Amino acid sequence: QVQLVESGGGLVQPGGSLRLSCVASANRFNEYSMGWYRQAPGSERKLVAFITSGEITHYVEPVKGRFTISRDNAQNMVYLQMDSLKPEDTAVYYCYAMDHQLNHEYWGQGTQVTVSP
């Protein structure tokens, strides 16, 4: 069973930055696609960004140019650097992993990000 543990959330002022981290207990981490989702109160969980095993990245339009996803396969880590944060970025952020070999997905427990003056 793969476990994902996020960290790095918190309270930040508009315009500030946060870096989320996610560590995975996975033997084949380098084969997984990894992603970050977020869920605001009263809303569905939505994709923010993902990175493939070949380090191809994709961002949803609201975060393009402000967020950067990256991975460190040696450390089984994936990161989300969030800059120029806005109040609408406030949400619980979830780490996501997709094992394409087993066609199975995994989720972290989430970390709260609050952007407020």
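The structure under discussion appears in the preceding block.
Residues numbered from 1 in each chain as written. Predicted model: local features only at pLDDT ≥ 70, side-chain atom pairs only at ≥ 80, totals over all residues. Heavy atoms only, no water.

> Help me understand the state of the cysteines in this model?
As used in these notes, a disulfide is a covalent bond between sulfur atoms, one from each of two cysteines. Per the stated rule, a full pass over the model turns up one disulfide. Disulfide pairing is shown between Cys-22 and Cys-95; the S-S distance is 2.1 Å. The disulfide joining Cys-22 to Cys-95 has a torsion of about -85° about its S-S bond and is therefore left-handed. Here the residue Cys-22 occupies a position in strand 3 (residues 18–24), and Cys-95 occupies one in strand 9 (residues 91–99), the gap between them amounting to 73 residues. When sorted by exposure, Cys-22 lands in the same class as Cys-95, which is buried. (Disulfide = S-S within 2.5 Å. Helix = DSSP H or I, 4+ residues; strand = E, 2+ residues; numbered from the N terminus. Buried < 20%, exposed > 50% of the residue type's maximum accessible area, 1.4 Å probe, protein only.)

> Help me out: how do you make sense of the sheet that holds strand 1 (residues 4–7) in this one?
Consider a sheet: its strands pair through backbone hydrogen bonds, and that pairing is either parallel or antiparallel. Spatial strand order, 1-3-8-7: four strands in an open sheet with antiparallel pairing. Since the sheet does not close on itself, it has two edges, and those belong to strand 1 and strand 7 (67–72), each with one partner. Averaged over all pairs of adjacent strands, the angle between strand axes in this sheet comes to 15°, irrespective of strand direction. Where strand 1 lies against strand 3, four bridges are found, and the strand directions are antiparallel. Paired with Glu-6 across the strands is Cys-22, a residue of strand 3. (Pairing = 2+ DSSP bridges. Axes fitted to C-alpha atoms, helices over the stretch in contact; angles between N-to-C directions.)

> Help me understand the environment of Glu-61, please; the structure alone is not making it clear to me.
Looking at the secondary structure, you find Glu-61 in the loop between strand 6 (57–59) and strand 7. Among the residues examined, Glu-61 registers a relative accessible area of 58% and is labelled exposed. Taking the C-alpha atoms as reference, Glu-61 lies 19 Å from Gly-16; in sequence the two are 45 residues apart.

> I tried to follow the pattern of salt bridges on my own but got confused; where do I start?
Oppositely charged side chains can form a pair if their charged atoms are brought close together. Within the structure shown, the criterion is met by five salt bridges. As a salt-bridge pair, Asp-99 and Arg-28 come within 2.6 Å of each other at their nearest N and O atoms. Taken together, the residues Asp-99 in strand 9 and Arg-28 in the loop between strand 3 and strand 4 (33–39) connect sequence positions 71 residues apart. A residue is classified by how much of its surface remains accessible, and Asp-99, at 1% relative accessible area, is buried. (Salt bridge = Lys/Arg side-chain N within 4 Å of Asp/Glu carboxyl O.)

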